Amino acid sequence: MKVFIICLLVFSVSAIAGTTGRIAGVVYDTEGSPVIGATVIIAGTEFGTMTDNNGEYLIHNLNPGSYTLQARMVGKAEQTVEGIQVSADLTTRIDFELGDTATGSTVITVTDQRGLIVFDETSSVNIISSDDIDAMPVTSIRDLIAMNSGGVSSGSDFHMRGGRSGEVIYMVDGIVMNDPATNLFTMEIPLSAVSEISITSGGFSAEYGGAQSGIVNIITRDATEKFMMSLNGGGGAFSENGDASLNTMEHSVWENQIYHGDAVKGEGAIGGPTFLPGESGFFVSGSYNRSGFNHADSRGYWDNSTIETLSGTAKLSWKPTPMTRIVANLYISDGEKGWRDWLWSRTVEHYVNDGDTLYYSRENDRALPVREQNRFSPGIAITHSFNERSFIEFKLNLYHTEETHGITDSTGSIIGEDFSIDEWLEYEAPYQFEDRDHFYRSGHTDWIRHESESDVVTVRTDYTSQLNAYHQLKTGYEGRFFNSEGWDIYSPPNYTVTYSSWEGAPRFSGIYAQDRIEYTAGLIANIGARIDIIDPNDENSDVKYKFSPRLGVSHPVSDRDMFRASYGHYYQVPGLSMMYYESQSSSSSSGEPLSGNPNLDPEETVAYELGLKHIFDPFTLVEMVAYNKTITGLVSTDLQESTEEFWQYVNSDGTGTVWGVELGLIRRSSRFFSFAANYSYSVAKGRESSPAENYSYGWGTQFPIPRDDVYLDWDQRHTANASAGLMVERGDAFFGQRWLEGFGFRINSSFGSGIPYDNASHGTHPFFRNQERYPWRMNTDLRVEKRFWSGDLTFNIYMDVYNLFNRTNLDHIYNVAWYDADQDGDGEPDHIAGGPAGNPNAYSPQRHFFFGADIRW
C-alpha cells in the first residue's frame, strides 16, 4: 500500500494570543478521491474531528509541541503520523492516503518539518524551538533574538530592521509585556520555561497593534498531564547584556556586556496532572542567577557589579468540558543589580593602592546606585469552541513593574529615602574629588535616585471562524489600561538639583478584522485592517484614531519556489515617560527644563516587502527578502519659545527611511548535521537617533539644532549570523562509532560592520553627526555536550565557551576626542577607546567558560 504524506507548514494568521497552532489537511483514497467522514484524532487527547464533503479536516487550538495524528475510516487501513510539529500562528498540513485494506495500520514518522518550504507564509517569521534553545550557548532570550536576520545590537539596545529599540513588542503567551514607560522589554523568563520563540520582522497582520519594527512572541511550556521534571545548574563565567538606566533624561551610564567570573546559575521545572475533573495539568519553572560578587572581570576589577535575579513561571490548564479550556498564568521576575561605572571604581572608602595590587572591599559602593527591579504578571485565558470551525478566546492580564535606584550612605540607608520634593531641591551633593588619573575618589554619581511603577491591565477577545474552504475570518478587540508614574533626582555637586517625574493613566483600544483567503490555484491572501483609539486621559489632549490597512499575499511559483509580498501601516504610542514627563529645578538659572507632551501622536511606519523561497531538497532551503520602510512622527525634542523657554517632546517633522536585503540559508538536521546562516544589507537614516538627542545637543547653547538626515546610531551596513551543529541522537552511531551516541556541539558566530559615531567636533558648530564608524566586530560561541539515557531519564553535561577565538571587539568609545587624538606623534589616531581613565568596558569580554549539567525525566 502506497502512503502519501505531505508535510507543509502553512501560515495561519491567528489572534493576538498567538499561542496556538492547528493541523489541517485532506484524507484521500488510493484513487485520489476525498474520503468523506473519516475520523482524524490527536492520539492521547480529546482533540479530533471528521472530514467534510471535500475530505478536509481541521483541528485548531493546539499548543506548540509534537503530536501523533491518526486517520481512520471503516473499510480502510488506519494510518498514524508521528512527530508532527505544531507552532504558534502556523498551520501544519498533513494529508493522508488511506488504502482499501480494512486490516493493519501504517506508522510514519515526520522529521523536522520546519525544513520544508512554507508556501502560504506572507510575513517574515523565524521560529526558535525549545530543542534549538537547549543546544545553543546562550544565557538569555536576548541572545537568541540577536541571531535573527535584520537584528542589530547597539550597546544595551536591540534594533530590528532599522527601527528604534522601543519599536519591537515582546509578548509572553500572547500578552504584550513591554515596560510602558520606555517601551522596552525587562521581564526575565527562564529558558527552561520556553516552548518556542516566534520572531516576526515584517508583514504583521491586522491583529498585531503597537509594533513598528518587530514582534517577539515567547510561548511558555504548556501544562502537562504526564509527570515531568527537569533540573539545570552550573557555574563559571558568562556575559550578560547591561541594562540601560530608566532615567528619562537619557544621561545614563552606558553599559555593554557585563562579564562575571563567579557566575552561578540554577533552573528547575516540574509539571504533571492535577486533581481537577476533566483534562488538567500544571507547569512550574524557576531560575536563579548570582554573579559579580568577587568583583572580577576579564577587563578589570569592579565594585558595585553584582547581579542577583530570580524569575519563574506557573501555568494551570483545565478543560471542564471538551469545548472549553481555561488557563491561568503567573510570571515573576525580581532582581538586584549594581550600577558599575569605571570612573567611580576607586572611591576613597573602598580603594587601596598597595604597590601594584588593587584591593576592593565587599561593602556596598557608596558612590553608585543599587538597582532593584520587580515585575509580576498574573492572567487568565479562556477558549471556547462553538464547533469544529469556530472558537472564541478571552484574555485578562495584569502586568506590574517597578524599579528603584538608590545610593546608600555610611549608615547603610538609602540617601533621601523619605525626602519630600522640597527637601530634594535643597539637597547639597558632596564634593566629587577627581584624581590625576581621572578617577573619582569621593562623592557620588550625579544620578542619585530613581523610582518608577506601572500597571497595565489588558483585556482581549478574539473570534475565529473557518467560514468555508476558502475563507477564514478573524476579528477581535483589545483594551489596555495604564497607570504609570516615576521620578528621578539629578544632583551634581555645586550645581542645581533637578527633580523629574511623570504620571499618566492613558487608555488604548483597538479593533481588527481580517480574512485569510485560499484560492484553488494556490494563491493565498491575508487582507485585514485595524482601528486604534488612543486616549491620553488628559484634559488638554485629544483622543486619536488611527486606521491601519494590512495586506499579505503568497503564491507558489513551482513545487520548489514560493513568492510572497506584504504591505501595511503600523502605529506605536510613545513611551509614557515622554508623554507625561515634567521637571523642576532648585534654580531658575539651570537651563531650560524638559517637558512631556500627552498630545503626542503615535509614530507611524509604512512598510512593504517582497520575498522568495527556493527549496533544494527536503532539508535545505534559501530565502531572499527585500524591504522598505518609511517612518514618520518619531518623537523628538524641540525648544518651545514662550514667556519661559522650555524643551518639550514633540513629533518630528522629519522622515526616517530604512531599506535592506536579507538572505537566508537553512540546512535542517538530516540525522546528524544542521546549519543555518543569514546575511543582511541595510541602510537606516533619519534626523535623530533618540528622542532626547536635540535636547542633549542644544541644552544651554545657542547653536542651531541640526536638521539634516544622518545615518542612525545603529545603522550597520552588513550583518551576518551562522549556526552549525552536530547531534548524535539516542540509538544512533556516528560513522559506526557507538560511543559517540549523545555527543553534540553547536557553534554560533556573528559578524557586524561598524556602526556610526559622532566625531570629535561635538560641542562645536557646525556639528557633523555620525560621520565616523566603529571597526567591524565578530564573535563566536561554542557549546559541547554529552547526553546519557536510562529509560525515560536524560542526563546531559555541557561546556559553553564564549568568545571562542578571544577576539577583542570595540564596544564603546568613551571619549571621542581622546580616541581620535594622535598623542604618540606618528600622524595617525591612537584609537584609545577607554578614554583618559582607560575604561576597559570599552572592549568586549575575553574568552570565558561556563560548565553545567541538566537532568530530565
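Residues numbered from 1 in each chain as written. Predicted model: local features only at pLDDT ≥ 70, side-chain atom pairs only at ≥ 80, totals over all residues. Heavy atoms only, no water.

Caption draft 1: Focus on the overall build of the chain. From N to C terminus, the chain includes six helices and 50 strands. Evaluated residue by residue, the chain yields a buried proportion of 55% over its 857 residues. Contacts spanning at least 24 positions in sequence make up 70% of the contacts within the chain whose residues lie at least 6 apart. Total accessible area on the chain is roughly 34,700 Å²; 55% of this is exposed by carbon and sulfur atoms. (Helix = DSSP H or I, 4+ residues; strand = E, 2+ residues; numbered from the N terminus. Buried < 20%, exposed > 50% of the residue type's maximum accessible area, 1.4 Å probe, protein only. Contact = heavy atoms within 4.5 Å. Areas by Shrake-Rupley, 256 points an atom, 1.4 Å probe, with all protein chains shown as cover.)

Caption draft 2: Geometry of the pairing of strand β34 (residues 561-572). In terms of burial, β34 is a largely internal element, ten of the twelve residues being buried. Relative to β34, strand β33 (residues 544-556) runs antiparallel, the two sharing seven bridges. Considered in β34, the bridge of His555 is made with Phe563. In this antiparallel pair of consecutive strands, β33 and β34, the connection spans four residues. Pairing of β34 with strand β37 (residues 603-617), which is carried by twelve bridges, proceeds in the antiparallel orientation. Bridge pairing in β37 links Tyr570 to Thr605. (Pairing = 2+ DSSP bridges.)

Caption draft 3: Expanded view of unusual backbone geometry. Of note in this structure, Arg161 is not a glycine but carries a positive phi near 50 degrees. Within the secondary structure layout, Arg161 lies in the loop between β12 (157-160) and β13 (168-172). Judged by its relative accessible area of 2%, Arg161 falls in the buried class. Phi at Asn806 takes a positive value of approximately 55 degrees, unusual for a residue other than glycine. As for its placement among the helices and strands, Asn806 is situated in the loop between β49 (793-802) and α6 (816-820). According to the relative accessible area criterion, Asn806 is partly exposed, its value standing at 34%.

Caption draft 4: Expanded view of the pairing of strand β3 (residues 39-42). The two faces of β3 differ: Val40 and Ile42 on one face are buried, but Thr39 and Ile41 on the other face are not. As paired elements, β3 and strand β4 (residues 48-50) share three bridges and run antiparallel to each other. Paired with Ile41 across the strands is Gly48, a residue of β4. Where β3 hands over to β4, the hairpin turn is made up of five residues, of which Gly44 adopts a positive phi near 80 degrees. In this sheet, strand β6 (residues 65-72) lies alongside β3 in antiparallel orientation, the contact comprising four bridges. Paired with Val40 across the bridge in β6 is Ala71.

Caption draft 5: Structural context of the pattern of salt bridges. With the rule as written, the count across this model stands at 27 salt bridges. With a shortest N-O distance of 4.0 Å, Glu603 and Arg164 are connected by a salt bridge. With Glu603 in strand β37 and Arg164 in the loop between β12 and β13, the pair connects residues that are 439 residues apart, well separated along the chain. With relative accessibility at 8%, the residue Arg164 sits in the buried group. (Salt bridge = Lys/Arg side-chain N within 4 Å of Asp/Glu carboxyl O.)

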